[in-house]
Amino acid sequence: METLTWAEIIPRILWQFLPVWIALVGVFAVSILFKRRLGLYGKLFDSGIGMIGFALVMFWVFTGIFGAMDLIVTHDALAQASGMKNKVPGTPLRGAEEGEYAYYLLGGDNLARDVFSRTIKGAWIVVQIAPLATLFAFMVGITLGLPAGYYGGKLDTLLTFVANLVLAFPVILLFYLLVTPEIVATGIPSYMAAVLFVFPLIFAGVLLNSRYHTRPTLRTPLLIGVLFVMGWLYLSLVSDAGTPLQVLPGWLDLFDVPGGILVVFVAVVFVNSPTVFRIVRGLTLDIKTRDYVAAAQTRGEGPWYIMLWEILPNARGPLIVDFCLRIGYTTILLGTLGFFGLGMPPESPDWGSTINEGRKLLTVYLHPALPPAFALLSLVLGLNLLADGLREESLRD
Amino acid sequence: MGLFILRRLGVMLLTTLCLTFVVFWLTNLQPNLEKLAKTQGNMRMTDEQVTSWLETRGYARPALVKYGEWLGVVPGWRYDAPDGSVQARCLTEGASIETAPRYCGILQGEWGYSTVFREDVSKIIGIRLGLTAKLMFWVMVLMVPSALILGVLAGMREGSRTDRTLSTISITTTATPEYVSGVILIAVFASSAVGLKWFKGTATSAMEDANFGNFFLPVLTIALYGMGYIARMTRASMAEVMTAQYIRTARLKGVSFRDIVMKHALRNALIAPFTVIMLQFPWLLNGVVIVETLFNYKGFGWTLVQAAGNNDIELLLGVSVVSVIVVLVTQLISDIGYVYLNPRISVS
């Protein structure tokens, strides 16, 4: 068989993405049809930039999800095929068997693995970790930033000092200090995970309690139910066989996070939280002088009710925009970790590691490094455009 | 003002102390020390050999004491071997134990000894910082003017076609981390596969003799990432200034658009970007580490990676002190500069 030309490769790649196109068209059709009833999300479809950004982001989200379901990938991302080392895009697979995809669409890498499939699988890693890590960082930042801004005083001084301390650290030095096998062996990341991941629990508990504490018949079962489910998830997440923190017996442990991922997750949350803290604190300082806060205080509402049900909803605009931007930044951080070979297992298909492997032969072979580089670029660009569109639309009214 | 700076310097000192202690503690954890012993001594050392290696070199003591020694507030360690020879922290080669000073730490101007490069930390940091300063200087020369021009051009007519195009460009550059733009730039301009080969893909030769061919790509890679952000800030600030009352007055007086931008708007629009430019330094530090690794330019960032990868405790501490001070000093300068540029704000 002959090597494919680019005119043949591109249609084949587009065809591989077919499930993604269908899903994208579906989402856009439904959203545009009902955009007047969908609030801020619907308004996004009034701005061109916002729509482009949303399309880019959803493209990678769907690619990640379908890639994980083995719909788009053409080969196993970790399998090596003989004779495919550093082969150019469109090279036919030597001795392809029945039912196997006959080409390496974007060529083979230094270890004769399919670059196309690896890029797709890499999307799943980012789509899983980046939004979740950002969400955790927001939980930590909000839970600490609200009281710091609202109460002020010594608490504020202390928390701001700690936040500035973390921010003064060069990020890469922090990663090198936290994400090495030696540090992982001491269990420090596990303890940090135990501390950082407890914040969503505190957040949910305080949120519900401050709202419903006047109605104990509703509050008590609600709190018990929510905290039980979240607590179980928390313990399953934190307790891992083989780390010093094994609190749950195996049969109660719902899931285990694969080695390395938890450490990467903790590192990324830790780096992002102080910035979120500063933003939330600044917004709180601004909003607490408003009249509706004074009205709530006069009504005799508790401080946590005011923080979580008066201030936080009114700070949502800037926070949503920053959330999008921060997912992009988290994606960049994940790539940085991969680029320095930290945390992820060496054969992992995540974009940073793939770029790092590809750059070593970059002057001779371009194809292993460029697809993940453009993938990362387009995802982060999409998130930035989405944030821009959201900002514009939320400022409009 | 004086009191303000004094208080900031106090906070700075406290921050540096906390951070260096964290670095010290993390690098002095038992698994890290064992790794250090094995890389410095012998990969196949037994556990007893590791223990004795650590003991004879003063590692096997409480972290707080060792930290005090490094600071120079606790007398340096001394180890009397059974055969009568003496090893001590402050013992330099050729000197005897009687003449060696009791204290040798940062306060005495001793930054310690790098186990990877086998040289004094102060010397290594001096050389490497010089190289990085050269890189940063050219980054600033390229980044600041082009970012300001981009931002002012985009912001002077908000919503126009120029604005849209330039804003998209700046969003794209902020969305491109250095390891992506560096890889793309090398692929396009330096690889034999594309064949342009205008520039070199490594900057190792730029350490002695920097020229356009071997130095432009690393400079451009760092500058691109920071440029978009500064340009966006400048644009926002310029757009805000252009809606101000005094600009409308100038326009009604019949001042030409060029003069409005140059004489009335520009100065006020540049206050906000000034702070942003100063606050970019910590970010640039990150970019420097990535770019120096990517282009194999053996400056400060490259040293950081080497020190961290090999658990070179004293070099890593030196590196963190320098980078923390860079971050905090630029924050201080940005605050003070902001006050000077904007008379409406006072520090007290």
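In this text, all values refer to a predicted model and were calculated from it rather than measured experimentally.

### Remarks on the overall build of chain B
Counting its secondary structure elements, chain B contains 13 helices and four strands. In terms of C-alpha radius of gyration, chain B reaches 26 Å, well past the compact-globule figure of 20 Å for 348 residues. If you line up chain B on its principal axes, its C-alpha atoms span 90 × 60 × 30 Å. Out of the 348 residues belonging to chain B, those deemed buried represent 49%.

### Looking at the overall build of chain A
The helix and strand tally for chain A stands at 17 helices and two strands. Computed over the C-alpha atoms, the radius of gyration of chain A is 24 Å, within 12% of the 21 Å expected from 2.2 N^0.38 for a compact globule of 397 residues. Oriented by its inertia axes, the alpha-carbon framework of chain A measures out at about 80 × 55 × 40 Å. Looking at chain A as a whole, 55% of its 397 residues qualify as buried. The long-range fraction of contacts in chain A, counting pairs at least 24 apart against all pairs at least 6 apart in sequence, stands at 71%. For chain A, the exposed area adds up to about 17400 Å²; of that, 67% sits on carbon and sulfur atoms. The averaged location of the 27 negative side-chain charges in chain A is 9 Å from the averaged location of its 26 positive side-chain charges.

### A word on the domain arrangement of chain B
Often, the extent of an interface is quoted as the loss of accessible area on bringing the components together. All names here are of chain B. Per the domain assignment, the segments of chain B are domain 1 (2-108) and domain 2 (121-341). Counting residues at the interface gives 20 residues for domain 1, matched by 16 residues for domain 2. With both sides pooled, the region where domain 1 packs onto domain 2 buries about 1600 Å², and carbon together with sulfur makes up 73% of that total. The tally of links between domain 1 and domain 2 comes to zero salt bridges. Along the contact surface separating domain 1 from domain 2 lie three residue pairs in polar contact (both at pLDDT 80 or more). For the side of domain 1 that touches domain 2, the elements supplying multiple residues, two or more each, are α1 (2-27) and α2 (30-40). Broken down by element, the residue count for the side of domain 1 that touches domain 2 peaks at twelve residues, all from α1.

### Comments concerning the nonpolar core
Of all hydrophobic cores here, the largest spans 182 residues; its most connected members are Phe197 and Phe340 of chain A. The greatest single-element share of this core, amounting to 14 residues, is contributed by helix α5 (residues 121-156) of chain B. Once you skip the residues sitting within four places of it in the chain, phenylalanine 197 of chain A turns out to touch Phe136, Tyr234, Leu237, Val238, Leu262, Phe265 and Val266 of chain A. In this structure, Leu146, Tyr150, Val280 and Leu283 of chain A belong to the second largest nonpolar core, which totals 20 residues.

### Side note on the confidence of the model for chain B
With 97% of its residues at a pLDDT of 70 or more, chain B has an overall mean of 84. Among the prediction metrics, the complex's ipTM stands at 0.87, with pTM recorded as 0.90.

### Some remarks on helix α6 (residues 161-174) of chain B
Taking 1.5 Å per residue, 14 residues should reach 20 Å; α6 of chain B reaches 20 Å between its end C-alpha atoms and fits that length. Residues of α6 of chain B that are buried: Asp163, Leu166, Ser167, Ser170, Ile171, Thr173 and Thr174 of chain B. Down the axis of α6 of chain B, the sector holding all buried residues measures 160 degrees, keeping them to one side. At its buried positions, α6 of chain B is contacted by α15 (316-339) and α17 (370-396) of chain A together with α5 and α8 (212-242) of chain B.

### A short note on the interface of chain B and chain A
On the side of chain A, 41 residues touch chain B, which itself brings 51 residues to the contact. Across the interface of chain B and chain A, roughly 3900 Å² is buried in total on both sides, 80% from carbon and sulfur atoms. The largest per-residue losses of area from chain B upon contact with chain A belong to Ile171, Tyr179 and Val183 of chain B, which jointly make up 15% of the total buried on that side. There are two salt bridges connecting chain B and chain A. Here lysine 35 of chain B ties to glutamate 182 of chain A by a salt bridge, and the two come within 3.7 Å at their closest N and O atoms. If you tally residues by element for the side of chain B that touches chain A, the top one is α1 of chain B, at ten residues. Residue composition of the side of chain B that touches chain A, grouped by class: 35 nonpolar, 13 polar and three charged.

### Thoughts on a nonpolar patch on the surface
All names here are of chain A. A cluster of nonpolar side chains, contributed by Trp6, Ile10, Leu14, Trp15, Leu18, Trp21 and Ile22, occupies part of the molecular surface with about 740 Å² of accessible area. For the nonpolar patch, the secondary structure elements donating two or more residues are α1 (6-16) and α2 (18-33). Among the elements that take part in the nonpolar patch, α1 stands out by supplying four residues, more than any other.

### Re the UniProt feature "transmembrane region" (unreviewed entry) in chain B
All names here are of chain B. Here, the residues flagged by UniProt with the feature "transmembrane region" (unreviewed entry) are residues 9-27, 135-156, 177-199, 211-231, 270-295 and 315-341. Span residues 270-295 is 92% helix and 0% strand, its end C-alpha atoms 33 Å apart. Within residues 315-341, the helical portion is 100% and the strand portion 0%, while the C-alpha atoms at the span's ends are 38 Å from each other.

### Some words on the packing of aromatic side chains
A complete count under the given rule lists 33 aromatic pairs over all chains for this structure. Ring geometry for tyrosine 41 of chain A versus phenylalanine 45 of chain A: centroids 5.4 Å apart, planes at 80 degrees, classification edge-to-face. By relative accessible area, which is 4% here, phenylalanine 45 of chain A ends up buried. Pairing phenylalanine 24 of chain B with tyrosine 67 of chain B gives two aromatic rings, centres 5.4 Å apart and planes at 65 degrees, and the pair type is edge-to-face. Of this pair, phenylalanine 24 of chain B sits in helix α1 while tyrosine 67 of chain B is found in helix α4 (residues 63-71), placing the two residues 43 residues apart along the sequence.

### With respect to the pattern of salt bridges
All names here are of chain A. In this structure the tally under the stated criterion is 19 salt bridges over all chains. Across the salt bridge formed by aspartate 286 and arginine 290, the nearest N and O atoms sit 3.4 Å from each other. With a relative accessible area of 39%, aspartate 286 lands in the partly exposed category. Residue classification places arginine 290 among the partly exposed positions, given a relative accessible area of 35%. The salt bridge involving arginine 299 is made with glutamate 310; its shortest N-O contact spans 3.3 Å. You can see arginine 299 sitting in helix α13 (residues 291-299) and its partner glutamate 310 sitting in helix α14 (residues 303-314), a full eleven residues away along the chain. You can call arginine 299 exposed: its relative accessible area is 51%. Salt bridges sharing partners connect three or more residues here, namely Asp109, Arg113, Arg118 and Glu357.

Quick notes on the rules
Residues numbered from 1 in each chain as written. Chains lettered and ligands numbered in written order. Predicted model: local features only at pLDDT ≥ 70, side-chain atom pairs only at ≥ 80, totals over all residues. Heavy atoms only, no water. Helix = DSSP H or I, 4+ residues; strand = E, 2+ residues; numbered from the N terminus. Rg over C-alpha atoms; globule rule 2.2 N^0.38 Å. Buried < 20%, exposed > 50% of the residue type's maximum accessible area, 1.4 Å probe, protein only. Contact = heavy atoms within 4.5 Å. Areas by Shrake-Rupley, 256 points an atom, 1.4 Å probe, with all protein chains shown as cover. Lys, Arg positive; Asp, Glu negative; His and termini not counted. Charge placed at Lys NZ, Arg CZ, Asp CG, Glu CD. Domains from an automatic or database assignment. Buried area = accessible area lost by both parts, 1.4 Å probe. Salt bridge = Lys/Arg side-chain N within 4 Å of Asp/Glu carboxyl O. Polar contact = N/O pair within 3.5 Å; in protein donor to acceptor, adjacent residues only side chain to side chain. Core = buried A, V, L, I, M, F, W, Y, C linked by side-chain atoms within 4.5 Å. pLDDT = per-residue confidence, 0-100. Expected span 1.5 Å × (residues − 1). Arc of directions from axis to C-beta. Nonpolar A, V, L, I, M, F, W, Y, C, P; charged D, E, K, R; others polar. Patch = residues over 30% accessible without salt bridge, like charges linked within 9 Å, V, L, I, M, F, W, Y side chains within 5 Å. UniProt positions renumbered as here; feature names shortened; annotations may be inferred. Phe/Tyr/Trp six-rings, centres within 6.5 Å; stacked < 30°, edge-to-face > 60°.

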